[in-house]
Each structure stands twice: as C-alpha cells, then as structure tokens.
Amino acid sequence: MKILREFERVFETHRIPYHLEQKEEHHYLYRTEEEMRDAGMTPNNVMLDLFFDHKNEAMFLGMIRVPHKLRGKNIGADIVTIMKEFAKEHHWVIILESAPENLLFWQKMHFSSFMYETYGFWMMGYGAKSKLIFKVKWTQMKKNLYAEAF
C-alpha cells in the first residue's frame, strides 16, 4: 500500500527504527524499539495505529506518537499530511479520538470536532463537507473497530 511506504519514508528520514505489524485485515501498527510513556496511556512502543475501512471510505487513526527525543520536529505533522493527501486522493474521511489537550494540534491540522464521547474524548474528522457525514461514518465504523464491545 503506497501510504504505508510514505509513512516508512518519514521514519527512515528521521532515523526512527520501526517495524510494521498487521493486526488484522486493514489494521496496521507501526512500532519502534523505544518504549514510550505518555500521560494516561499504557507504556508501549506503538507510534502509529491505523484502520482502513474500505466499505465506509474512512480511515481511523487510533494513535500517533513520536519518540520523545524526536518530538517538536514536525514528524507527526508530516504523517498527518500523508494521511490527508490519501484522504483527498481517494475521497475518504479521517476520523480520530482526541484527548482535550490535543485539540489545538488537530484543529491546526484542519480537523473538525463533531461529537464528544462520554469517556472524555472528542471525535474529530477531516475530509467531509458536513459534520453529519463524520457522525454517520463513525457510527458505522465503530461497530467494526470495537466489535467485542457490541
């Protein structure tokens, strides 16, 4: 998949060791050797967690993190730009859950909040002309992402 190669180019450019793991069909994780610890999250080495929902023409970003020593170098913004270009090219949307402290970053990246989840995260989207489209796609995708919860 071309988009995966583009993510890998970013990691290689910044000398971030990584390996790609396919959790299940259309669900990809990029891991690094460095264990990352972030507030409110279990320590692990996941940098990027993506799910491609071809039926709903939507991408779900489960997580994006950059190793601590490389933060502030626009690596996250480069990855998000690749995702946005994919969404534009394929007429898809991108949906993600954002902690309140990350809203400014996502707004700067032109994502719109469309719903507040009771567990404390804002649902945000990119690529649709209407927030209603995000809500509909999120409702449809959520069943596949969290199948064990339904």
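Up top you'll find the structure we're talking about.
As the structure is a prediction and not an experimental result, all values here were calculated from the model.

Enquirer: Please clarify how the side chain of glutamate 8 should be interpreted in this entry.
Expert: Along the chain, the position of glutamate 8 falls in helix H1 (residues 2-13). An unpaired buried charge is present at glutamate 8: no salt bridge exists, and arginine 5, the closest side chain of opposite charge, is 6.9 Å distant. In this structure glutamate 8 touches Tyr18, Leu20 and Tyr30, once residues within four positions along its chain are discounted.

Enquirer: Where do I start with the environment of phenylalanine 134 in this structure?
Expert: Mapping phenylalanine 134 onto the fold places it in helix H4 (residues 131-145). Sequence separation between phenylalanine 134 and glutamate 85 is 49 residues; the distance between their C-alpha atoms is 18 Å.

Enquirer: Explain H4 here, please?
Expert: Note on helix geometry: an α-helix contains 3.6 residues per turn, so any two residues three or four positions apart are oriented the same way. If you check H4, its first and last C-alpha atoms are 20 Å apart, about what 15 residues at 1.5 Å a residue would give, namely 21 Å. All of the buried residues along H4 are Phe134, Lys137, Trp138, Met141 and Leu145. Among the structural elements, strand S3 (44-53), strand S4 (58-64), strand S5 (93-98), strand S6 (112-116) and strand S7 (122-126) are those in contact with the buried residues of H4. Where H4 starts, the residue carrying a side-chain oxygen 3.0 Å from the main-chain nitrogen of leucine 132 turns out to be serine 130.

Parameters and conventions
Residue positions are counted from 1 within each chain, in the order its sequence is given. Thresholds applied to this predicted model are a pLDDT of at least 70 for local features of residues and 80 or more for the giving and counting of side-chain atom pairs; totals over whole chains, interfaces and linings are not thresholded and use all residues. To obtain the side-chain values, all non-hydrogen atoms of the structure were included, while hydrogens and water were left out. Strands are runs of DSSP state E lasting at least two residues, helices are runs of H or I lasting at least four, and both sets are numbered from the N terminus onward. The rule is simple: take the accessible area with a 1.4 Å probe, protein chains only, and divide by the maximum for that residue type; under 20% is buried, over 50% is exposed, in between is partly exposed. His is not counted, nor are the chain ends, whereas Lys and Arg count as positive and Asp and Glu as negative. Any carboxyl oxygen of Asp or Glu within 4 Å of a side-chain nitrogen of Lys or Arg constitutes a salt bridge here. Here, two residues are considered to be in contact whenever any of their heavy atoms come within 4.5 Å of each other. Expected span, for any helix, means 1.5 Å times one less than how many residues it has. Side-chain atoms alone can form a polar contact between residues adjacent in sequence; in general such a contact is a pair of N or O atoms within 3.5 Å, and within protein one must be able to donate a hydrogen while the other accepts it.

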